[in-house]
Amino acid sequence: MSEDLRYPIGKYEAQPFSDKQLQQWLLDIKNLPQHLENAILNLDAAQLNTVYREGGWMVKQVVHHVADSHMNAYIRFKLGLTENNPTIRPYDEVAWAELKDSLELPINISLTLLHALHSRWYHILKNLSETDLQKTVFHPEHKKEMTLWFLLGMYAWHGRHHVAHITNLRERMKW
């Protein structure tokens, strides 16, 4: 664990392909909705409106952000699997977190979405070969090709990263 509140589990580090790593990342994707739901269990409105760190998002924005991000991830994987090195669409995650849905809708909307989304995403991922995971997408903001393997690791990390934001806040606040 990191003492940097921005990166409670450290920054994402790409890993070489291995079956063991694949199985762990698949579990991360499969279980993220339940881990996120457990992280926010029994939080009241005031707690959901608390920022996880100074300059950071409120807990409810984090939950909605994970749904936004992982919807994009799911589409990126489908594009990468069905097209030759497609250019993926970046988005302004900070601006999205300030939209009314992230500020006003109950978090159960995004939790329900994540359960369904991750069920579909996991079903696709668990059937991929190493060759499939070497397919690429082009990220225009970073100006580089990214393998689906790299993205799988990044999104597995992303879910754990945001769950840790919430669970670490709970520990610090003694909730």
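Relevant structure appears above.
Residues numbered from 1 in each chain as written. Predicted model: local features only at pLDDT ≥ 70, side-chain atom pairs only at ≥ 80, totals over all residues. Heavy atoms only, no water.

Moving on: the layout of surface pockets. One water molecule sets the probe size; rolling that probe over the atoms shows where empty space is left. Looking at the largest pocket, its volume works out to about 780 Å³. Around the largest pocket sit 29 residues that line it, and His65, Glu93, Met154, Trp157 and His158 are the ones nearest its centre. When residues of the lining of the largest pocket are traced back to their parent elements, those giving at least two are α3 (59-82), α4 (93-97), β2 (144-147) and α8 (148-173). Examining the composition of the lining of the largest pocket, we find that nine residues originate from one element, α8, more than from any other. By residue class, the composition of the lining of the largest pocket is 13 nonpolar, ten polar and six charged. (1 Å grid on protein atoms, 1.4 Å probe; cavity = no way out; pocket = protein on both sides within 12 Å on 5 of 7 lines; lining within 4 Å. Points joined across faces, edges and corners; volume = space filled by probe spheres on them. Helix = DSSP H or I, 4+ residues; strand = E, 2+ residues; numbered from the N terminus. Nonpolar A, V, L, I, M, F, W, Y, C, P; charged D, E, K, R; others polar.)

Our focus in this paragraph is the packing of aromatic side chains. Here a ring pair, both rings aromatic, is described through the centre-centre distance and the interplanar angle of the planes. Taken as a whole and assessed by the stated rule, the structure comprises seven aromatic pairs. Taking 5.3 Å as the distance between ring centres and 70° as the angle between the ring planes, the aromatic pair formed by tyrosine 12 and phenylalanine 150 counts as edge-to-face. Taken together, the residues span a long stretch of sequence, with tyrosine 12 in the segment before α1 (19-40) and phenylalanine 150 in helix α8 at a distance of 138 residues. Under the relative-accessibility criterion, tyrosine 12 is labelled buried at 19%. Ring geometry for tyrosine 12 versus tryptophan 157: centroids 6.4 Å apart, planes at 45°, classification tilted. Of this pair, tyrosine 12 sits in the segment before α1 while tryptophan 157 is found in helix α8, placing the two residues 145 residues apart along the sequence. For lysine 144, the ring lying beneath its charged end belongs to phenylalanine 150, and the centroid distance is 5.5 Å. (Phe/Tyr/Trp six-rings, centres within 6.5 Å; stacked < 30°, edge-to-face > 60°. Buried < 20%, exposed > 50% of the residue type's maximum accessible area, 1.4 Å probe, protein only. Lys NZ or Arg CZ within 6 Å of the ring centre and 35° of its normal.)

Next up on the list: the nonpolar core. By size, the foremost hydrophobic cluster in this structure holds 25 residues, and its most contacted members are Phe77, Trp121, Leu125 and Leu152. Mapped onto this core, the elements with two or more residues apiece are α1, α3, α6 (107-125) and α8. In terms of nonpolar packing, the next biggest core, distinct from the first, is built from 20 residues, Leu32, Leu48, Val62 and Ile107 among them. (Core = buried A, V, L, I, M, F, W, Y, C linked by side-chain atoms within 4.5 Å.)

Let's shift gears to the pattern of salt bridges. On inspection of all chains with the given rule, the structure shows three salt bridges. Of the charged contacts, one joins arginine 6 and aspartate 4 as a salt bridge, the two residues approaching to 2.8 Å between their closest N and O atoms. Residue class for arginine 6 comes out partly exposed when judged on its relative accessible area of 41%. (Salt bridge = Lys/Arg side-chain N within 4 Å of Asp/Glu carboxyl O.)

Running from N to C, α1 and α3 cross one another at 170°; their axes reach a closest spacing of 11 Å. As far as their axial angle goes, α3 and α1 are roughly antiparallel. Residues Leu32, Leu36 and Ile40 of α1 form the contact with α3, whose participating residues are Val59, Val63, Val66 and His70. (Axes fitted to C-alpha atoms, helices over the stretch in contact; angles between N-to-C directions. Parallel < 35°, antiparallel > 145°, perpendicular 65-115°, else oblique. Contact = heavy atoms within 4.5 Å.)

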